Amino acid sequence: ASLGGSPRLDYDVLLTVMHHAALLAYSMPQNNPSRYPDPSTVSAMMRTCRVLYSEGAKTILRFRLDERVATWPPKRFMSYILFLRAENDSRLAFVTRLSLTAVYEYAITSVTELLPKLSALTQLDLSLVDSLKEKYSEFLQAFSNCTTLKQLTLHFPDVNTMEALCRLRSPLLSLTLV
């Protein structure tokens, strides 16, 4: 189809291109730490129209192009939190796994607020920074109230984390203590 003489692709074609861009990003070699899945192509497509904006967010979350979020610098991490909170928190329903291997002080409040809203979260990889563990009481309360987790990995859990684990309301199928 064309609009004013310019070629135009239907949304189903554009969504297929976005899907393949996500597949390509996710299939990058994982043995090179600098080559984690990069959502930049999908993100660029999202900026072109409202349909791709909405569907692109689902694609990024579905293909876990955000799975290394815990290693991102503070500015990018907080940008990710804003990304999740966009569209009245509707994107939170698409987060199924999260790796928080370094939850720092700048992010703990945001993550604590998000955790109860992650209704599809089934996998969590969690490591708390030793120097800040005394500041995690609210986070640990939110964590223990999770009801959807199936797989949980805890790195170097302390007594408070283990107590929160004992109160966890999720029906875990797998627990890994590292």
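Residues numbered from 1 in each chain as written. Predicted model: local features only at pLDDT ≥ 70, side-chain atom pairs only at ≥ 80, totals over all residues. Heavy atoms only, no water.

> Requested: an account of the overall build of the chain, with residues and values cited.
Looking only at helices and strands, the chain has seven helices and six strands in total. The order of helices and strands in the chain, counted from the N terminus, is β-β-α-α-α-α-β-α-β-α-β-α-β. Put simply, the chain has 178 residues, and 39% of those count as buried. Looking at the chain alone, contacts between residues at least 24 apart form 60% of all its contacts between residues at least 6 apart. Accessible surface for the chain amounts to roughly 9,900 Å². Of this, 57% is attributable to carbon and sulfur atoms. (Helix = DSSP H or I, 4+ residues; strand = E, 2+ residues; numbered from the N terminus. Buried < 20%, exposed > 50% of the residue type's maximum accessible area, 1.4 Å probe, protein only. Contact = heavy atoms within 4.5 Å. Areas by Shrake-Rupley, 256 points an atom, 1.4 Å probe, with all protein chains shown as cover.)

> Tell me about unusual backbone geometry, residues and numbers included.
Unlike most non-glycine residues, asparagine 88 shows phi in positive territory, near 55°. Along the polypeptide, asparagine 88 turns up in the loop between α4 (74-85) and β3 (97-103). Assessed through its relative accessible area of 78%, asparagine 88 is described here as exposed. With a phi angle near 65°, aspartate 89 is a residue other than glycine that sits in the positive phi range. Along the polypeptide, aspartate 89 turns up in the loop between α4 and β3.

> Provide a residue-level description of helix α3 (residues 50-62), including the pertinent values.
End to end, α3 covers 19 Å across 13 residues, agreeing with the expected 18 Å (1.5 Å per residue, within 8%). Leu52, Gly56, Ala57, Thr59, Ile60 and Leu61 are the residues of α3 that are buried. (Expected span 1.5 Å × (residues − 1).)

> Tell me about the pairing of strand β5 (residues 151-155), residues and numbers included.
Here is the key point about a regular strand: its side chains alternate between the two faces of the sheet. Here strand β4 (residues 123-128) runs beside β5; their pairing, made up of five bridges, is parallel. Looking across to β5, one finds that leucine 126 is bridged to leucine 154. Between β5 and its parallel partner strand β6 (residues 174-177), the chain crosses via helix α7 (residues 159-167), and the hand of that crossover is right-handed. (Pairing = 2+ DSSP bridges. Right-handed = clockwise from strand over helix to strand, strands pointing away.)

> Break down the pattern of salt bridges for me, with residues and values.
Taken as a whole, this structure holds six salt bridges when the rule is applied. A salt bridge links arginine 91 to glutamate 87; its shortest N-O distance comes to 3.8 Å. One salt-bridge network, held together by shared partners, links Arg85, Asp89, Glu113 and Lys117. (Salt bridge = Lys/Arg side-chain N within 4 Å of Asp/Glu carboxyl O.)

> Run through the nonpolar core, naming residues and quoting values.
One recurring pattern in soluble globular proteins: nonpolar side chains tend to sit buried together. Ranked by size, the top nonpolar core spans 43 residues in total, and within it Phe83, Leu84, Leu115, Leu124, Leu126, Phe139 and Phe143 carry the most contacts. Per-element accounting of this core gives the leading share, five residues, to α4. Setting aside residues no more than four positions away along its own chain, phenylalanine 143 makes contact with Leu115, Leu124, Leu126, Leu149, Leu152, Ala164, Leu165 and Leu168. (Core = buried A, V, L, I, M, F, W, Y, C linked by side-chain atoms within 4.5 Å.)

> Now, about the confidence of the model for the chain: what can you tell me, with residues and values included?
In the predicted model, the chain carries a mean pLDDT of 80, and the fraction of residues at 70 or more is 77%. Averaged over each element, pLDDT in the chain is lowest for strand β1 (residues 2-3) (50) and highest for β6 (94). With pLDDT under 50 throughout, residues 31-35 is counted as low confidence; its partners more than four residues away or in other chains account for three contacts. (pLDDT = per-residue confidence, 0-100.)

> For a nonpolar patch on the surface, give the residues involved together with the corresponding values.
Taken together, Leu9, Val13 and Val17 make up a surface patch of nonpolar side chains, about 240 Å² in accessible area. On the secondary structure map, valine 17 appears in helix α1 (residues 11-26). On the accessibility criterion, valine 17 (41% relative accessible area) is partly exposed. (Patch = residues over 30% accessible without salt bridge, like charges linked within 9 Å, V, L, I, M, F, W, Y side chains within 5 Å.)

> Please set out the packing of aromatic side chains residue by residue, giving values where relevant.
Summed over the entire model, instances satisfying the criterion amount to one aromatic pair. Ring centres of tyrosine 80 and phenylalanine 83 lie 6.2 Å apart, and the angle between their planes is 25°; on these two criteria the pair is classed as stacked. Linking tyrosine 80 with phenylalanine 83, this pair stays in helix α4, spanning three residues, or about one helical turn. Since its relative accessible area comes to 5%, tyrosine 80 is described here as buried. Judged by its relative accessible area of 16%, phenylalanine 83 is buried. In this arrangement the basic side chain of arginine 91 is found over the ring face of tyrosine 53, its NZ or CZ atom lying 4.9 Å from the centre. (Phe/Tyr/Trp six-rings, centres within 6.5 Å; stacked < 30°, edge-to-face > 60°. Lys NZ or Arg CZ within 6 Å of the ring centre and 35° of its normal.)

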